[in-house]
Amino acid sequence: MSDLLSAFLHLLLLFKLVAPVTFRHHHYDDLVRTLYKVHNQCPYITQIYSIGRSVKGRHLYVLEFSDYPGIHEPLEPEVKYVGNMHGDEVLGRELLLQLSEFLCEEFQNQNQRIMQLIQETRIHILPSMNPDGYEAAATQGPNMPEYLVGRNNANKVDLNRNFPDLNIYFYYNEKHGGPNHHLPLPDNWESQVEPETKAVIHWMRSFNFVLSANLHGGAVVANYPYDKSPGHRFRNPYRTTNSPTPDDKLFRKLAKVYSYAHGWMHQGWNCGDYFPDGITNGASWYSLSKGMQDFNYLHTNCFEITLELSCNKFPRQEELQREWLGNREALIQFLEQVHQGIKGMVLDENHHNLTGAVISVHGINHDVTAGERGDYFRLLLPGTYTVTATAPGFDPQTENVIVHPGRPTLVNFYLKRSIAPVNPLRKAPGGGQGGRMQAQLRITKKKDGARKQPHRGPG
């Protein structure tokens, strides 16, 4: 009898682990209440903060999950989810609220997978980047035509066409030489973007994000950069051109992880379109200028993909449970992808942090930088790599590294001060609430041949 009772209680526990809390659409006030409900339920692993306000003054709230919320722990990567960038594409908003409830409940229920994820990862969830657009769309609801009012913000600007265009500088640098990462912004960039875009850019520059996904609707596919093709301004808009990044194989793998963990995305045929494996290069689908995922890659250390999650941009309330069950495992697996490649510390001979040190991987023309604490994260596929750490005023150090599947390889660098004077370091990513200020390094060409100078330049 005790065995039967034990089995019954185990089944009840399993049901509790997967039981949905709510499946309904959330207006702004409901969204805020839900975030605070999760925080109050799990106060020791969450915090809520605002990154700014929308045109109409609504807060852009972020819910953070961490075993030490509000603190960047060295060697613990930061990852983010962004939803509802287009106000009428609402599924991502609801999925991120559901994910927040799920993470809290599973941690409380001592789900070992979720506990490990939260203990080893700092997760930031922005359910709605465009709350003004959502409210406009929600006044019409799901019964209106496919393209709803509310896609744009209150100033009628498409936020996914509103980021500074760094692709043009990268394509130039690719041909003529120049930085391949942390490309600088125009001096007057803040006057050229919307309040929501400005808030998100400052957010990106305050945390050393490693991995990100931007949740959209209107198709079912995992879209990876680049979104903009080199000939964007000159080509026929109906023609497509594949525009891969130097990390194309890695981005394809990240997209496939989500697609194959999703209930049906990997099947390819969705919404009248066919995408092999349920993934696509952004520019191969259609070229998009001033988008957020390209900006992440070219201005920060963050690797972002765009997830198109539903044919219907504003699904009916009764469809939300099916969509959650189709996306739940994929949302968790994607977060876990931040734990791959290499990571480590870059220190001087006295074990002081070398903030802003540059980490280069031979054969991949895209570098990353160490954060304020001296830690760095470089996503890589399994294989053997030659990795070099450089910092002005120090001799470079090169290591041969084997990356295994599953967990990141720890590679620390200890740089010795050089005799010849060089330009000082500029600020690195991090600070603010994330513990690091954003870096915009000037990469100088090596004249001693120690390392070849890189040539790199939807929703």
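What counts and how
Residues numbered from 1 in each chain as written. Predicted model: local features only at pLDDT ≥ 70, side-chain atom pairs only at ≥ 80, totals over all residues. Heavy atoms only, no water. Phe/Tyr/Trp six-rings, centres within 6.5 Å; stacked < 30°, edge-to-face > 60°. Buried < 20%, exposed > 50% of the residue type's maximum accessible area, 1.4 Å probe, protein only. Helix = DSSP H or I, 4+ residues; strand = E, 2+ residues; numbered from the N terminus. Lys NZ or Arg CZ within 6 Å of the ring centre and 35° of its normal. pLDDT = per-residue confidence, 0-100. Contact = heavy atoms within 4.5 Å. UniProt positions renumbered as here; feature names shortened; annotations may be inferred. Pairing = 2+ DSSP bridges. Axes fitted to C-alpha atoms, helices over the stretch in contact; angles between N-to-C directions. Salt bridge = Lys/Arg side-chain N within 4 Å of Asp/Glu carboxyl O.

Asker: Can you walk me through the packing of aromatic side chains in this structure?
Answerer: On inspection of all chains with the given rule, the structure shows 16 aromatic pairs. Seen in terms of ring centroids, F207 and F209 are 5.4 Å apart; in terms of plane orientation they differ by 20 degrees. Their pairing is stacked. By relative accessible area, which is 2% here, F207 ends up buried. With centroids separated by 6.0 Å and ring planes inclined at 50 degrees, the aromatic side chains of Y376 and F413 adopt a geometry described as tilted. Placement of Y376 in strand β14 (residues 375-378) and of F413 in strand β18 (residues 413-415) is noted, with a sequence separation of 37 residues between them. Owing to a relative accessible area of 0%, Y376 belongs among the buried residues under this scheme. Taking the relative accessible area as the measure of exposure, F413 reaches 0% and is therefore buried. Counting every residue linked through ring pairs, the aromatic cluster contains Y49, W203, F207 and F209. Geometry around Y28 places R58 over its ring, the cationic atom sitting 5.9 Å from the centre.

Asker: I would appreciate a short explanation of the confidence of the model for the protein chain in the present structure.
Answerer: Any residue range with low pLDDT should be treated as having predicted coordinates unsuitable for detailed reading. With 83% of its residues at a pLDDT of 70 or more, the protein chain has an overall mean of 87. Counting interchain partners and residues more than four positions distant, the pLDDT-below-50 stretch residues 1-20 has nine contacts. The model gives residues 431-458 a pLDDT under 50, and that stretch makes 114 contacts with residues more than four places away or in other chains.

Asker: For this particular structure, what's the right way to read the UniProt feature "active site" (unreviewed entry) in the protein chain?
Answerer: Those residues carrying the UniProt feature "active site" (unreviewed entry) are E308 in this numbering. For E308, the location among the structural elements is in strand β10 (residues 303-310). For E308, a relative accessible area of 2% translates into the label buried.

Asker: Can you help me understand the sheet that holds strand β16 (residues 397-403) in this one?
Answerer: Adjacent strands of a sheet form backbone hydrogen bonds with each other and so pair up, either parallel or antiparallel. Within the open sheet, the four strands sit side by side as β13-β12-β15-β16. Their pairing is antiparallel. Both edges of this open sheet fall to β13 (364-369) and β16, since each of them pairs with a single strand only. Adjacent strand axes in the sheet meet at a mean angle of 25 degrees, parallel and antiparallel pairs treated alike. When strand β15 (residues 383-390) meets β16, the two strands line up antiparallel, connected through seven bridges. Bridge pairing links A389 to Q397 in β16.

Asker: Any chance you could explain the pairing of strand β6 (residues 219-224) here in plain terms?
Answerer: The side chains of a regular strand alternate, residue by residue, between the two faces of the sheet. Among the six residues in β6, six count as buried, and that is most of the element. Of the two faces of β6, the one carrying A219, V221 and N223 and the one carrying V220, A222 and Y224 are both buried. In this structure, β6 lies alongside β10, joined through five bridges in antiparallel fashion. Residue pairing for β10: A219 is matched across the bridge by S310. Across three bridges, the pairing between β6 and strand β9 (residues 279-281) is parallel. Paired with N223 across the strands is T280, a residue of β9.

Asker: Just to check I follow, could you spell out the pattern of salt bridges for this structure?
Answerer: Working definition: two side chains of opposite charge can pair if their charged atoms are close together. Under the defined criterion, the tally for this structure stands at 18 salt bridges. Salt-bridge contacts for E64 lead to R122; the nearest nitrogen and oxygen are separated by 2.8 Å. Residue E64 is located in strand β2 (residues 59-65), and its partner R122 is located in strand β4 (residues 122-126); the two are separated by 58 residues in the primary sequence. Each member of the pair, E64 as well as R122, carries the same accessibility label: buried. Here E120 ties to R407 by a salt bridge, and the two come within 2.6 Å at their closest N and O atoms. In this pair, E120 sits in helix α4 (residues 112-120) while R407 sits in the loop between β16 and β17 (409-410), placing the two residues 287 residues apart along the sequence.

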